[in-house]
Amino acid sequence: MKIFIVEDESALLDKLKKGLEQEKYIVEGETDGEKALDRLFEVPFDLIILDIMLPGVDGLTILKHIREAEIKTPVILLTARNSVSDKIAGLDCGADDYLAKPFSFEELMARIRAQLRRESGQKDSSLQYKSLRIDTLKREAFINGTLLDLTMREFSILEFMLYNKNRVIERFSIAEHVWGDDFDTFSMSNFVDVHIKNIRKKIAPLTEDTIIETVRGIGYAIKD
Ligand code: CA
């Protein structure tokens, strides 16, 4: 899997590149919009992470050009926080997803995996962990084949954690994923804990397996 990152903040580019390489992706980075556009016409990639604000040619223009040229590679746009017009313009130009800055690496990973799964047309949309199975297309979760009665947000937390298996996920990252810009740290600080508690309550009668572990002082993890 080859990923192209176009981001002019070199510190952020380095961080993303290193992180994705650790996840065993082949990564190429570019800070300049015009060079990025040239590169995209030279080499095929499996996924493009594209910042909107770039010197020279901006991200939306790059996106427009490659879509006009029938390059259908999935694109995740990086937008400024709360810029609704950027989001709409991005989706209009043919972006597959967008992520508002600042974002956590876990959130980016979840989005990348979702795009790559979609792209590979994977027939089997399930994720399995011990007795838990999640169908990411039908948005259903099962324990030993029994359907769990989860709310949309509970499902979303479980799916996010499974996408990030073997990582310790901070409460903030979970909140960011599930509530996005709507999350208010002050009034909603215990929301994640309450949701995790409810998920455990629904799982407990069906299995002895520990699905979600608490990592004291940090957050939660699903570990092999
Ligand atoms: Ca930028």
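As shown above, the structure is provided for reference.
Okay, so let's go over this structure. A quick note: this is a predicted structure, and the numbers were derived from the prediction, not measured.

Reading the values: the criteria
- Residues numbered from 1 in each chain as written.
- Predicted model: local features only at pLDDT ≥ 70, side-chain atom pairs only at ≥ 80, totals over all residues.
- Heavy atoms only, no water.
- Helix = DSSP H or I, 4+ residues; strand = E, 2+ residues; numbered from the N terminus.
- Expected span 1.5 Å × (residues − 1).
- Buried < 20%, exposed > 50% of the residue type's maximum accessible area, 1.4 Å probe, protein only.
- Arc of directions from axis to C-beta.
- Contact = heavy atoms within 4.5 Å.
- Donors = N, O, S within 2.8 Å, 3.2 Å for Na, K, Ca; no water.

1. Quick look at helix H1 (residues 10-22)
Its 13 residues place the ends of H1 18 Å apart at the C-alpha level, agreeing with the 18 Å of an ideal helix rising 1.5 Å per residue. Along H1, the residues that are buried comprise Leu12, Leu13, Leu16, Gly19 and Leu20. Summarising the axial view, the buried residues of H1 lie within an arc of 140°, below the 170-degree limit, and thus occupy one face. Seen from the buried face of H1, the exposed residues on the opposite side, beyond 90 degrees, are Ala11, Lys15, Lys18 and Gln22. Structurally, H1 contributes buried residues whose contacts are with strand S1 (2-6), strand S2 (26-30), strand S3 (47-51) and helix H5 (105-119). Lys24 occupies a position one or two residues after H1 and carries a positive phi of about 75°.

2. Some details on the coordination of the calcium ion
Around a metal, the ideal angle is 109.5 degrees if four donors adopt a tetrahedral arrangement and 90 or 180 degrees if six donors adopt an octahedral arrangement. Only Asp8 (OD), Asp51 (OD) and Met53 (O) from the protein reach the calcium ion as donors, at distances of 2.1 to 2.3 Å. In primary-sequence terms, the residues that donate to the calcium ion follow D-x42-D-x1-M. When its relative accessible area of 4% is taken as the criterion, Asp51 is described as buried. Taking the relative accessible area as the measure of exposure, Met53 reaches 63% and is therefore exposed.

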